[in-house]
Amino acid sequence: RGSEEPCVTRWGGALREGAWQDAARVEQARRAAAGGGPAALTPGVKALWWKAVGPIQTEGLNLYIGPWCEWKRHVTMQTVRHSEQTLKTALISKNPALASQYEKLDAGQRRLMNEAFRPDSDLFGPITLHSQSDWINSHPEAPQDFEEFFSDPYRKTPSPEKCSIYIQCIGSLGNTRSISEEYLRWLKGYCEAFFYGLRVKLLEPVPVSATRCSFRINDSTQNLQIHAGQILKFLKKRKPEDAFCVVGITMIDLYPRDSWNFVFGQASLTDGVGIFSFARYGSDFYSSHYEGKVKKLQKKSSSDYSVFDNYYIPEVTSVLLLRSCKTLTHEIGHIFGLRHCQWLACLMQGSNHLEEADRRPLNLCPICLRKLQSAVGFSIQERYKALVRWIDDESTDTPGVTPKHSREDNVNLPKPVEAFKEWKEWITKCLAILQK
């Protein structure tokens, strides 16, 4: 339940109320999967299965047994494929004014965007669904084409007076101040390239105590969580005059209200603020050996935030950086008015769980790319070049953006971009089409 929250997360620590930690039920389910199939499950286990992943199907039921357990229902992979004419209309529009606007793009940009409806394109493929728990299956939404995006009266666009994206770090992003500051600069540089033409600025990092938000220990994971809604109110009060939006980022898990398990993030499009957590993107978050577990919350008062003083932060890896960049740009895309994409494989696809989020590409499909271009006004070619430069640069040391209290002996760390190499090859193909 919640904004892009997985119905079932990868390891048992995050499953509903710890239900699958009951050894007898796990053993019974294992035997049913091995021999009797779902029909052999007792009503209690059936009910838990139904609540977790939906109606039971006999075929392809597998249970993975380990220190924790994971249920997966393997179904035939589905492809969401639209006709050439449908994609062409979604991109160009039947509105004469919008179609004329499209024709005014230079030949290279039109050539690239036309790949959207070329059946044999190796740049933009259809959406694939791997299970009934994937976003499109579980969250039916009306698709948003370019015309609907462009004519949305509630959509906010940057103006000369409000054209800056601000990033507010809450808590630390790394095990040392220098790592945290470098990670912030990497994210800043990526956003500057992705939203090419807009300024991206860093607000001075703040500890959790500065937000005065509520916090708790998650019953399932035993990890600390901070209240997302209260942080949004904090960000709204700190929003600078020239801000198009302010996005808070943190390595601490989030929850929106007491009855919810967790959320990856939450945003207010009206106020132009959002808060997003990268905590669950660490490789060891769901591990039984995760060092961030807190057995008991001991606080002298509601204003005692000392539990966050030495809070565990996962190691910075290339995969963690890639997932962070994906989440940050996807959510800022929502603030621009882009809804979840249902046309082609795209960054703006919804994701219901980490596995689905990892399948989501870093790039925007042509339909969403045109939406963002119309809002920001960038050259597609220059934007792609900026993204390649960000990948190629070993570090992002932009003068004037280091927080005030940075250590003087701070040494730039190598940027872990191994996970971005395949995307760089994809961008290079796009640039070849743009430059023909």
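These numbers come from a predicted model, not from an experiment.

Focus on the packing of helix 3 (residues 84-92) against helix 12 (residues 366-376)
Now for step 1: In contact at an axis separation of 9 Å, helix 3 and helix 12 are set at 10° when each is read in the N-to-C sense. By the criterion of interaxial angle, the relationship of helix 3 to helix 12 is roughly parallel. Judged by residue contacts, L87, A90, L91 and I92 of helix 3 engage P366, I367 and R370 from helix 12.
Now for step 2: Its residues assigned to classes, the contact of helix 3 with helix 12 shows 6 nonpolar, no polar and 1 charged.

Focus on helix 12
Now for step 1: Within helix 12, 10 of the 11 residues are buried, leaving the element largely enclosed by the surrounding structure.
Now for step 2: Those residues of helix 12 that are buried lie in contact with helix 3, helix 4 (96-103), helix 5 (107-113), helix 7 (146-150), helix 8 (177-194) and helix 13 (380-392).

Points about the packing of helix 8 against helix 13
Now for step 1: The contact between helix 8 and helix 13 brings their axes to 8 Å, and the two run at 160°. Judged on the interaxial angle alone, helix 13 and helix 8 are roughly antiparallel. The hand of the helix 8/helix 13 crossing is left-handed. Across the interface between the two elements, W186, G189, Y190, A193 and F194 of helix 8 pack against R383, A386, L387 and W390 of helix 13.
Now for step 2: A breakdown of the residues in the contact of helix 8 with helix 13 according to their chemical character gives 7 nonpolar, 1 polar and 1 charged.

Let's talk about the sheet that holds strand 10 (residues 253-255)
Now for step 1: Here we have 3 strands laid out as an open sheet, ordered 7-8-10, and mixed in their pairing. Sheet topology places strand 7 (215-217) and strand 10 at the edges, where each strand pairs with a single neighbour. Put simply, the sheet's adjacent strands are angled 40° from each other on average, direction ignored.
Now for step 2: Summarising the sheet, strand 7 and strand 8 (residues 224-227) pair through 3 bridges and their orientation is antiparallel. For F215, the partnering residue across the bridge sits in strand 8 and is I226.
Now for step 3: With respect to the sheet, helix 9 (residues 228-237) is in contact with strand 8 and strand 10, its orientation differing from that of strand 8 by roughly 50°.

Reading guide: rules and limits
- Residues numbered from 1 in each chain as written.
- Predicted model: local features only at pLDDT ≥ 70, side-chain atom pairs only at ≥ 80, totals over all residues.
- Heavy atoms only, no water.
- Axes fitted to C-alpha atoms, helices over the stretch in contact; angles between N-to-C directions.
- Helix = DSSP H or I, 4+ residues; strand = E, 2+ residues; numbered from the N terminus.
- Parallel < 35°, antiparallel > 145°, perpendicular 65-115°, else oblique.
- Contact = heavy atoms within 4.5 Å.
- Nonpolar A, V, L, I, M, F, W, Y, C, P; charged D, E, K, R; others polar.
- Buried < 20%, exposed > 50% of the residue type's maximum accessible area, 1.4 Å probe, protein only.
- Left-handed = near helix turned anticlockwise from the far one by under 90°.
- Pairing = 2+ DSSP bridges.

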